[in-house]
Amino acid sequence: MKPVIVVHGGAGRIFKEREEGCRAGVVRAALRGYALLKQGGSAVDAVEEAVRSMEDDPHFNAGCGSVLNEKGEVEMDAIIMDGKNLDSGAVSAVKCIANPIKLARLVMEKTKHMLLTDHGAHLFAQAMGIPEIPGEKLITERSRERWKKNLEPDSNPEEFQKDLGTVGAVAIDSEGNVACATSTGGLSNKMIGRVGDTACIGSGGYADNHSGATSTTGHGESIMKVVLARLILYHMEQGMSPEVAADTALDYMKTRVGGLGGVIVVNKAGEWAARFSTKQMSWATVKDDNLHYGIYAGEKHIKSVDEALASERKGF
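Parameters and conventions
- Per-chain numbering applies: the sequence of each chain, read as written, is numbered from 1 onward.
- Note on the predicted model: pLDDT of at least 70 is required for a residue's local features to be given, and 80 or more for side-chain atom pairs to be given and counted; whole-chain, interface and lining totals, by contrast, use all residues.
- In computing side-chain properties, one takes all heavy atoms of the structure into account and sets aside hydrogens as well as water.
- Cavities and pockets were defined on a 1 Å grid built from protein atoms only: a cavity is a group of points that admits a 1.4 Å probe but offers it no way out, a pocket is an open group of points flanked by protein on both sides within 12 Å along at least five of seven lines, and a lining residue is one with an atom within 4 Å of any such point.
- Grid points are joined across faces, edges and corners, and a volume is the space filled by probe spheres set on the points.
- Gly counts as polar in this scheme, as do all residues outside two lists: the nonpolar Ala, Val, Leu, Ile, Met, Phe, Trp, Tyr, Cys and Pro, and the charged Asp, Glu, Lys and Arg.
- For helices the rule is a DSSP run of H or I covering at least 4 residues; for strands it is a run of E covering at least 2, with both sets numbered from the N terminus onward.
- We count a salt bridge whenever a side-chain nitrogen from Lys or Arg sits within 4 Å of a carboxyl oxygen from Asp or Glu.

Chemist: Which residues make up empty space enclosed by the protein, and what are the values?
Modeler: In this structure the tally under the stated criterion is three cavities of 30 Å³ or more. In this structure, the second largest cavity occupies an estimated 80 Å³ of space. Class assignment for the residues of the lining of the second largest cavity results in two nonpolar, eight polar and two charged.

Chemist: So, the environment of Gly10: which residues are in play, and what are the values?
Modeler: Secondary-structure assignment places Gly10 in strand β1 (residues 4-12). Residues Gly10 and Tyr252, spaced 242 residues apart in sequence, show a C-alpha to C-alpha distance of 19 Å.

Chemist: Account for unusual backbone geometry, with residues named and values stated.
Modeler: For Ala93, which is not a glycine, the phi torsion comes out positive at approximately 55°. With respect to the helices and strands, the residue Ala93 is situated in strand β3 (residues 87-94). Located in the positive-phi region is Asn189, a residue other than glycine, with phi close to 55°. Position of Asn189 among the secondary structure elements: in the loop between β6 (178-184) and β7 (205-208).

Chemist: Account for the pattern of salt bridges, with residues named and values stated.
Modeler: If you walk through the whole model with that rule in mind, you get 18 salt bridges. One salt bridge in this structure joins Arg105 and Asp45, with 2.8 Å as the shortest N-O distance. With Arg105 in helix α3 (residues 100-110) and Asp45 in helix α2 (residues 43-55), this pair connects stretches of sequence that are 60 residues apart. A salt bridge links Arg105 to Glu48; its shortest N-O distance comes to 2.9 Å.

Next comes the structure, spelled out in structure tokens:
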């Protein structure tokens, strides 16, 4: 099986001054994940590595760069899933760690549970030796400014929700195993303790070797209502291609509950799709040593991996 990785940096509205940073961020993540796959690494390794790369990139609403809740704090959610045996691990409302996706994988591999939240997740992180970092280190100037704006009496937090930035990755490895990973800081000025779709299996992501893997982004409550990730795999099980399955599920979410979002998909044959109903979604994929990436509907740049790595070394 030829390995494939697809990543997204969030569906929504990406402001002009942030476009290049978002493009570079998803390309870097895809190249890092693909490098592991080329060395014989597992799909789970690849999606974790890609998502960690984006959690460390302040352009995205995950890890460093996460939006703030109503109290001005970062609370993050993440999920990872192995399509080989349907094992999954997730964390929600976690604070003061750099890479929630790493903690989600430890939940999957080191506990009998699938989802740990808030204080329990914090205790587990300590037990696993994950370093705690000051919450301030995860807060960017941009997140703080947005939080303050949303506190103003005439503000419209809904308007700012359009500029979301959940990150995610899906992959198939040389053994034919699929995996997904998704991570987010959630919604700006959300209620303390709010958990969206990301940490919920079947909503924020799903992976099954029998059909494929998907990671979602967009309005979390809408995604949860239609269980978007699992819905896409259901459509693929009925014979739809990844692209048609993604479009069908996104159309359903829009007409049924008025929700917008985006998805990345890979099926068990290694066919992939990156689709969205929002204005933009940063995405990148690597297949057959070729990198594809874009932000706008219909935009697709293609480079060889060697060319992309050379650009990466020069600073994209």
